[in-house]
Amino acid sequence: MSMVNELTYLINDSLSGRVALFANGAEKYTDQAIREAFFEILGDDKLTYQNFRNHKFEIFTVMENILTTNLPLAWENSPFYSQFVETRNSNLGDSNEFVVEDNSLLYASRFSGNHWSIERQKLQGKKAFAVNTEWIGLRIYQDLERFLKGVDSLADMMAKLQKGFQNEIDTRIYTAFNGMATYLPAKFQETGAYDRATMTDLIQRVQTASQKNVVLAGTRSALAHIVDGIEANRMSNAQKEELATKGMILDLTGLGVQAIEIPQVMVRGSYDFKIDNSSIFVLPDNEKMLKLYFEGQARTRDLDSQQTQDMTFDSIVEQKVGTAFICSDLCGKYTVV
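Please read these numbers as outputs of a predicted model, since none were measured by experiment.

Draft legend 1. Fine view of the pattern of salt bridges. All chains considered together, the criterion is met by 14 salt bridges. Glutamate 86 is the salt-bridge partner of arginine 88, the closest N and O atoms lying 3.8 Å from each other. Note that glutamate 86 and lysine 291 form a salt bridge whose closest N and O atoms lie 2.9 Å from each other. Here glutamate 86, found in strand β1 (residues 85-89), pairs with lysine 291, found in strand β9 (residues 290-303); they are 205 residues apart in sequence, far enough to count as distant. Where salt bridges share partners, they join Glu86, Arg88 and Lys291 into one cluster.

Written out as structure tokens, the structure is:
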């Protein structure tokens, strides 16, 4: 079991890139350590049909532990997730409960005095919500011969599995995000050619309604419109440098707020973009309105040759997750046409 844990730690570090923090080129030594730990579990210096058959349950335990630990950490370096997504994990003792702050406003009454007859207003308080969860899964297979020869390693396979789960969760998060505009009042939606004054007015509406600073969010194509609202002769050298290096303006928008890029994804099975490239969202700062909940541990099973009827290595991997969009403040959306 200690070797199973060691192999789990090694592959987790490899997937998260933590090894690179210690020294350049350390990755090759990690790969070597992973192979040696893998062979120690198998009790041999190479992978064979027999030793894999005899130790496959230990290998599947490693796969489950890796995804359970590492999948919730897959977005550690994403500015979008850091800003807008609140993640909870039952394996860390978190409950499926997301608390939304009360944003109701109390209005003071004017009265002549010497009486108590003023309008009564309810103090709403915070609200708690649970996110509906469901299983998502991947079924993969590869030629057993390739796996036995080491053409495809366990670490490579885990990286592809994690990426597959990550893409599905990304799609669910962005779908929930895109659906936000359905519930926005007309005063918080703008459509038309990009205009700096119109954007400034929308920013002010969201700031006033939420009583918070705001940030802009959109895909690379959407945020490129911000440059259209800056007169060339008034663009600062710092703005020109940011535009030249990043291809868009995020920190120095000239609107008094910062912008965050939403990573684009494609619709499954096509080359069409999933996220609207024409919309810029105006969102309260430090408001994690997107909720992501991981429930329980990842689970795996294999399908042997009697079930597949061919010489393939088949695995089914599943994880239970939930996503939702819950926001206590009004947001804005500018659709550029």
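The structure having been displayed, the exposition proceeds.
Draft legend 2. Local environment of helix α1 (residues 2-16). With 15 residues, α1 should reach 21 Å at 1.5 Å per residue; the first-to-last C-alpha distance of 21 Å fits that figure. When we look at burial in α1, the residues that qualify are Met3, Val4, Leu7, Thr8, Leu10, Ile11 and Asn12.

Draft legend 3. Geometry of the side chain of glutamine 319. The topology assignment puts glutamine 319 in strand β10 (residues 312-325). In terms of polar contacts, glutamine 319 uses its side chain to reach the backbone carbonyl oxygen of glycine 296, at 3.4 Å. Separated by 3.3 Å, the side chain of glutamine 319 and the backbone nitrogen of alanine 298 make a polar contact. Ignoring anything within four residues of it in the chain, the contact list for glutamine 319 reads Leu71, Glu134, Trp135, Ile136, Phe165, Phe294, Glu295, Gly296, Gln297 and Ala298.

Draft legend 4. Main features of the pairing of strand β6 (residues 214-218). Taking burial as the measure, the 5 residues of β6 include 5 buried ones, the bulk of the element. A two-sided burial pattern is seen for β6, the buried positions comprising Val214, Leu216 and Gly218 on one face and Val215 and Ala217 on the other. Summarising the sheet, β6 and strand β8 (residues 279-284) pair through 4 bridges and their orientation is antiparallel. Bridge pairing in β8 places valine 214 opposite proline 284. By the bridge criterion, 3 bridges tie β6 to strand β7 (residues 259-261) in an arrangement that is parallel.

Draft legend 5. How the structure looks around the nonpolar core. Core analysis: the largest hydrophobic core is formed by 55 residues, its most contacted members being Leu7, Phe80, Phe84, Leu154, Ile169, Ile173 and Leu283. Broken down by element, this core gets its largest block of residues, 10 residues, from helix α6 (residues 154-178). Excluding residues within four positions of it along the chain, isoleucine 173 makes contact with Phe80, Tyr81, Val85, Leu290, Lys291, Leu292 and Thr323. Among the nonpolar cores identified, the runner-up in size contains 20 residues, and Phe188, Ala222, Met248 and Tyr334 belong to it.

Draft legend 6. Up close: helix α3 (residues 49-70). Largest kink in α3: about 65 degrees, centred on histidine 55. Those residues of α3 that sit buried are Asn51, Phe52, Lys56, Ile59, Phe60, Val62, Met63, Ile66, Leu67, Thr68 and Asn70.

Draft legend 7. How the structure looks around the sheet that holds β6. Overall, mixed pairing links the 5 strands, which are arranged β5-β11-β8-β6-β7 in an open sheet. Only two strands of the sheet have a single partner each, and these edge strands are β5 (189-192) and β7. If you compare each strand with its neighbour and ignore which way they point, the axes differ by 20 degrees on average. By the bridge criterion, 4 bridges tie β8 to strand β11 (residues 332-336) in an arrangement that is antiparallel. Bridge pairing in β11 places valine 282 opposite glycine 332.

Draft legend 8. Quick look at the packing of α1 against α3. In contact at an axis separation of 9 Å, α1 and α3 are set at 45 degrees when each is read in the N-to-C sense. Relative to α3, the element α1 is oriented oblique. Judged by the twist between their axes, the crossing of α1 over α3 is right-handed. Contacts between α1 and α3 involve Val4, Leu7, Thr8, Ile11, Asn12, Leu15 and Ser16 on the former and, on the latter, Glu58, Thr61, Val62, Asn65, Ile66, Thr69 and Asn70. Looking at side-chain class alone, the contact of α1 with α3 contains 6 nonpolar, 7 polar and 1 charged residues.

Draft legend 9. Layout of the packing of aromatic side chains. Inspection of the entire model under this criterion finds 9 aromatic pairs. Seen in terms of ring centroids, phenylalanine 38 and phenylalanine 39 are 6.1 Å apart; in terms of plane orientation they differ by 45 degrees. Their pairing is tilted. Residue classification places phenylalanine 39 among the partly exposed residues on the basis of a relative accessible area of 25%. Taken together, a centroid distance of 4.6 Å and an interplanar angle of 65 degrees make the contact between phenylalanine 177 and phenylalanine 281 edge-to-face. One end of the pair, phenylalanine 177, is in helix α6; the other, phenylalanine 281, is in strand β8, and 104 residues separate them in sequence. A relative accessible area of 1% means that phenylalanine 177 is categorised as buried. Under the relative-accessibility criterion, phenylalanine 281 is labelled buried at 1%. A network of ring pairs unites the aromatic residues Trp75, Phe80, Tyr81, Phe84, Tyr174, Phe177 and Phe281 as a single cluster. Over the aromatic face of phenylalanine 98 sits the side chain of arginine 88, whose NZ or CZ is 5.8 Å from the ring centroid. A cation sits over an aromatic face here: arginine 299 above tryptophan 135, 3.8 Å from the ring centre.

Calculation rules
Residues numbered from 1 in each chain as written. Predicted model: local features only at pLDDT ≥ 70, side-chain atom pairs only at ≥ 80, totals over all residues. Heavy atoms only, no water. Salt bridge = Lys/Arg side-chain N within 4 Å of Asp/Glu carboxyl O. Helix = DSSP H or I, 4+ residues; strand = E, 2+ residues; numbered from the N terminus. Expected span 1.5 Å × (residues − 1). Buried < 20%, exposed > 50% of the residue type's maximum accessible area, 1.4 Å probe, protein only. Polar contact = N/O pair within 3.5 Å; in protein donor to acceptor, adjacent residues only side chain to side chain. Contact = heavy atoms within 4.5 Å. Pairing = 2+ DSSP bridges. Core = buried A, V, L, I, M, F, W, Y, C linked by side-chain atoms within 4.5 Å. Bend = angle between axes of the 7 residues up to and from the residue. Axes fitted to C-alpha atoms, helices over the stretch in contact; angles between N-to-C directions. Parallel < 35°, antiparallel > 145°, perpendicular 65-115°, else oblique. Left-handed = near helix turned anticlockwise from the far one by under 90°. Nonpolar A, V, L, I, M, F, W, Y, C, P; charged D, E, K, R; others polar. Phe/Tyr/Trp six-rings, centres within 6.5 Å; stacked < 30°, edge-to-face > 60°. Lys NZ or Arg CZ within 6 Å of the ring centre and 35° of its normal.

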